[in-house]
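Descriptive structure summary
Each chain, written out:
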Amino acid sequence: MKNLCLLFFIALGLSSCQWGVPKKTSEKPLDTLHYVYKVIKARAADCGTKADSACTVVKINYPVFDSAKALNDTIVNKLTVMFAMDGKADSSLELMTKNFLKAYDDFKKTDPRTGMFFTLDDSVKVIHQDSSLAALQVSGYSYQGGAHGGSFTGFINWDTKAGKNLKLDNVFINGYHDKLTAIAEKIFRKNEKLSDIASLKDNYFFKDDKFALNENFSITPLGIKFLYNQYEIKPYAAGITELFIPYTQIKSLIQPGSVVSQFIK
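Summary of the structure given here.

Cut-offs used in this document
Residues numbered from 1 in each chain as written. Predicted model: local features only at pLDDT ≥ 70, side-chain atom pairs only at ≥ 80, totals over all residues. Heavy atoms only, no water. Helix = DSSP H or I, 4+ residues; strand = E, 2+ residues; numbered from the N terminus. Contact = heavy atoms within 4.5 Å. Pairing = 2+ DSSP bridges. Buried < 20%, exposed > 50% of the residue type's maximum accessible area, 1.4 Å probe, protein only. Phe/Tyr/Trp six-rings, centres within 6.5 Å; stacked < 30°, edge-to-face > 60°. Disulfide = S-S within 2.5 Å. Axes fitted to C-alpha atoms, helices over the stretch in contact; angles between N-to-C directions.

Now for the environment of alanine 103. Tracing the sequence through the fold places alanine 103 in helix α3 (residues 93–110). It is 9.0 Å that separates the C-alpha atoms of alanine 103 and methionine 85, two residues lying 18 residues apart in sequence. With near-sequence residues (within four places) excluded, alanine 103 lies in contact with Met85 and Phe118.

This paragraph deals with the sheet that holds strand β1 (residues 35–43). Judged by pairing direction, the sheet is mixed, and its six strands sit side by side in the order β1-β2-β3-β4-β5-β6 without closing on themselves. Because the sheet does not close on itself, it has two edges, and the strands there are β1 and β6 (164–165). Sheet topology note: the strand β3 (residues 119–129)/strand β4 (residues 133–143) ladder contains ten bridges and is antiparallel. Considered in β4, the bridge of aspartate 121 is made with tyrosine 141.

Time to look at the pairing of strand β5 (residues 150–159). With seven of its ten residues buried, β5 lies for the most part within the structure. Relative to β5, β4 runs antiparallel, the two being bridged by ten bridges. Bridging across to β5, leucine 133 finds its partner in aspartate 159. The antiparallel pairing of β4 with β5 creates a hairpin that spans six residues between the two strands, and glycine 145 there sits at a positive phi of about 90°. A loop of four residues connects β5 with β6, the two strands running antiparallel in sequence, and glycine 163 in this loop sits at a positive phi of about 70°.

A word on the packing of aromatic side chains. In the structure shown here, the tally under the stated rule is 15 aromatic pairs. Members of the aromatic cluster, joined through ring pairs, are Phe188, Tyr204, Phe206, Phe211 and Tyr228.

A few words now on the state of the cysteines. Where two cysteines share a covalent bond between their sulfur atoms, that bond is called a disulfide. With the rule as written, the count across this model stands at one disulfide. Here cysteine 47 engages in a disulfide with cysteine 55; their sulfurs sit 2.2 Å apart. On the S-S bond that ties cysteine 47 to cysteine 55, the torsion sits near 100°, and the link is right-handed. Residue classification places cysteine 47 among the buried residues on the basis of a relative accessible area of 2%.

We now examine the sheet that holds strand β9 (residues 241–246). With respect to topology, three strands assemble into an open sheet ordered β7-β8-β9, the strand pairing being antiparallel. The strands lining the two open edges of the sheet, one partner per strand, are β7 (217–219) and β9. Averaged over neighbouring strand pairs, the angle between their axes works out to 20° when direction is ignored. As judged from the three bridges shared by β7 and strand β8 (residues 223–228), these two strands associate in the antiparallel manner. Residue pairing across strands places phenylalanine 217 opposite phenylalanine 226, the latter belonging to β8.

Looking now at the side chain of threonine 56. Checked against the element boundaries, threonine 56 lands in the loop between β1 and β2 (57–65). Residue class for threonine 56 comes out buried when judged on its relative accessible area of 0%. Each residue touching threonine 56, except ones within four places of it in the same chain, is listed here: Ala42, Arg43, Ala44, Cys47, Phe100, Leu101, Tyr104, Phe117 and Phe118.

So this is what it looks like as structure tokens:
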């Protein structure tokens, strides 16, 4: 009987230790924005039993944030503008899906190629979030019957307190442009294995053959990443070009009190 009691209290002690072990949780801290991912998927009428990879399909995966209408509207706008047909963005993702499938149906009426199909695959992913910043990556691929499809990657850097998408002017001090560009060009030339005086004329599409930063950037805890999409500064086959600038090189240019200043040590 004593042995049974001893075993009972040992087991009780072990279980108590287990109760004290912190459990892993996927819940976000209370000071960040809560969201859930939503998926829109639609297949063309002629898909039948074909796999998604063999027929016209629209797939859109994106987060919807609680009590953040302006951010949600910005996400939808980014997605609808990304591959806007005829240069005109649709007013909603549902309408964009409907019009994309209609464009495919119209295409099939005039093009006899039986194996041809369209593709629209878009996504928005939350890549960083803290009490003052929500950083999202917007990516997409679209094929609409041309020689090849097109892809695009963009970013949303959301100031959660101000309720707006940040621009470079919200991150850097006044008069930052030339200094930031000079630092970025040194990094770019090193990445591209170019000398300080090598011409950018033959292999790049910069205006007036002069290096320039764009407004497509992502704020990270370690630095700012700029991204040039296909055709932007290089031929299609070269793909995208990323340019990462660590805060250690631009610390003096960061605007005090800005969202980025929290990462400066």
